[in-house]
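# Summary of the model geometry
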Number of protein chains: 2
Amino acid sequence: MSGYARLTPDEEALLRQVTARPVAVPARAELVRDGEAAPRPQVLVEGWACRQRLLADGRRQIVVVLLPGDPIGFDLRRRSLSFGSVTTLTPALVCEAGALRERAASRGTPPDRETGLAAALRQAREMEEIWLVNQVVRLGRQTAYERVAHFLLELRERLAAVDRVQENRFSFPITQEVLADALGLSVVHMNRTMQQLRRDGLVEQRATAITLRDVPALASIADYAGAHGP
Amino acid sequence: MSGYARLTPDEEALLRQVTARPVAVPARAELVRDGEAAPRPQVLVEGWACRQRLLADGRRQIVVVLLPGDPIGFDLRRRSLSFGSVTTLTPALVCEAGALRERAASRGTPPDRETGLAAALRQAREMEEIWLVNQVVRLGRQTAYERVAHFLLELRERLAAVDRVQENRFSFPITQEVLADALGLSVVHMNRTMQQLRRDGLVEQRATAITLRDVPALASIADYAGAHGP
DNA sequence: CGGCGCCTTGACTGGATTCAACCGCAGTGG
DNA sequence: CCACTGCGGTTGAATCCAGTCAAGGCGCCG
């Protein structure tokens, strides 16, 4: 799951053990309350979730989408700051993972040589920061069409990293309403934008799966430079 | 500067020593190149800077604004990911701060008891993440008017933390073009929105300083809940 | 004076939201 | 069995917030 760093055999064993007995959680379940100072560390094993924030009048903004393999709530927060609540978008499988954090923190002689788990968690944080930056650029400076293209490419790359993409086709279990809340659009405009992408032959959607039919074209539209630099 | 955690006397001495001889840097200077894996750790002592990303066609999005006291480039990145480049927005004073990072990393017995400096840097990262989340919500779900109000309140709070606000008045040395690139607006619309805020008696601008004349009203417009929770 | 950076203004355009309605489908219960 | 309901997707029309284009003003400085 957290394939971000080389783990020692016993770290891998611990990871396997921790994720062996996942708990089923329905859609729209809150995994971390907003502002919680000491959330329970968890790993999302199956299903999609998100970090989101609500405005007083009901508007919702999804800050990042969380996919299978992503760690949740590993950072202890000093004060109770509003990082947004973590909520499932689909039915999901989740694991309690306090043991991972403890193991990551122990073992270190001085921190100059950190454990594999600590490195993996650090890397996971880094990736989440990248997704946040991507999100800011999408929302701030891209059109609806570009935003969707960019977001789909990011999803493809992240899902490919956990081996859930086959020939640019992957499961896509969220409604257009959720997509709209992620990309800062209205549902209606989200719908029209998806239709445009389909009409242009760039994506194909069937049931709960999506296929990116022309990744280079999408990348050019979205000005997308994958995670591996320029 | 990094008043985020209690420092030991010698940590404070080191901090003072490191920030004693700042280097002057002109506006529009690049402090960290985009994608740089091992940036030089620095502290912004005076002036404003930002993390930004450019699109291929020249559009610019400012991801976060950096203010006096903020650390820059302290995180070692594994791969060369695009976090955006760090660039000064005004003439600035900057300090090389590698010594701080080394000191923060050493000294730890096991990491269960981290140094004051390490705690401060961790806290600084947390705050930056909050600002990112705020930015996403502003760009995704708020109108121009709300965005500006929200952003000004965030600036006030951050500047107050480093004692640069007097009676809701603080230095505001950036152009409307920069503001526009931060808030995802065009310069023209930025201008009109500022005018509206002035006409409504919410802010007052003279030269390079700004006064928030009605913080509660601004907070209500922007749905702003300061850093200290609800 | 002339040029430049920044702010300002007006007119026009357009991307996106809103409101409202309709459709197809799956689940559900009388 | 089938009306009823709810959800998600789809459409059209009207509206509006924000972008674009273009021009002018003002202060500063060489």
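Residues numbered from 1 in each chain as written. Chains lettered and ligands numbered in written order. Predicted model: local features only at pLDDT ≥ 70, side-chain atom pairs only at ≥ 80, totals over all residues. Heavy atoms only, no water.

### Concerning the domain arrangement of chain A
All names here are of chain A. Here is the rule: Either an automatic procedure or a domain database provided the assignment from which the domain bounds are taken. Two residues qualify as a contact provided that any one of their heavy atoms is within 4.5 Å of a heavy atom in the partner residue. By definition, the buried area sums, over both parts, the 1.4 Å-probe accessible area that each loses when the two are put together. The rule for a salt bridge is simple: a side-chain nitrogen of Lys or Arg has to be within 4 Å of a carboxyl oxygen of Asp or Glu. Residues adjacent in sequence count toward polar contacts only when both atoms are side-chain atoms; beyond that, a polar contact is any pair of N or O atoms within 3.5 Å, and within protein one must be able to donate a hydrogen and the other to accept it.
Each domain of chain A was delimited in the assignment, giving domain 1 (9-135) and domain 2 (142-222). Summarising the inter-unit geometry, the C-alpha centres of domain 1 and domain 2 are found 24 Å apart. Opposite the 16 residues of domain 1 that make contact, domain 2 presents 17 residues. Together domain 1 and domain 2 conceal approximately 1500 Å² of surface at their shared face, both sides included; 59% is due to carbon and sulfur atoms. Its largest share of buried area at the contact with domain 2, domain 1 owes to Trp48, Arg60 and Leu67, together 37% of the area lost on that side. At the surface where domain 1 touches domain 2, the tally comes to 3 salt bridges. With a shortest N-O distance of 2.9 Å, Asp70 and Arg158 are connected by a salt bridge. At the boundary of domain 1 and domain 2, one finds 9 residue pairs in polar contact (both at pLDDT 80 or more).

### Looking at the protein's contact with DNA strand C
Applicable threshold: Being near a molecule or strand, for a residue, comes down to having at least one heavy atom within 4 Å of it. Labels follow the DSSP assignment, with helices taken as runs of H or I lasting at least four residues and strands as runs of E lasting at least two, numbered in each case from the N terminus. By the convention adopted, Pro, Cys, Tyr, Trp, Phe, Met, Ile, Leu, Val and Ala count as nonpolar, Lys, Arg, Asp and Glu as charged, and the other residues, Gly among them, as polar.
Of all residues adjacent to DNA strand C, which total 15 residues, the nearest are Ser186 and His189 of chain A together with Asn191, Arg192 and Gln195 of chain B. In DNA strand C, atoms within 4 Å of the protein come from the sugar-phosphate backbone in 61% of cases. Residue Ser186 of chain A places a side-chain N or O atom 2.9 Å away from a phosphate oxygen belonging to DNA strand C. Within the backbone of Gln176 of chain B, an N or O atom sits 3.0 Å from a phosphate oxygen of DNA strand C. Put simply, the parts of the chain that give the surface near DNA strand C at least two residues each are α6 (187-199) of chain A together with α6 (187-199) of chain B. For the surface near DNA strand C, the element with the most residues is α6 of chain B, which contributes 5 residues. Residues of the surface near DNA strand C, tallied by class, amount to 4 nonpolar, 8 polar and 3 charged.

### Describing the interface of chain A and chain B
Listed by partner, the interface residues are 52 residues for chain A and 51 residues for chain B. The junction of chain A with chain B conceals about 4600 Å² of combined surface from both sides, 52% of it contributed by carbon and sulfur atoms. Summed over the three residues of chain A that lose the most area to chain B, namely Arg78, Val136 and Arg141 of chain A, the buried surface amounts to 16% of that side. For Asp181 of chain A, the salt bridge goes to Arg141 of chain B, with nearest N and O atoms at 2.8 Å. Applying the counting criterion to the chain A and chain B interface returns 18 residue pairs in polar contact (both at pLDDT 80 or more). Listed by contribution, the elements that provide at least two residues to the side of chain A that touches chain B are β4 (49-54), β5 (60-66), α3 (116-141) and α5 (176-183) of chain A. In terms of residue count, α3 of chain A provides more of the side of chain A that touches chain B than any other element does, 17 residues in total. Of the residues contributing to the side of chain A that touches chain B, the split by class is 22 nonpolar, 14 polar and 16 charged.

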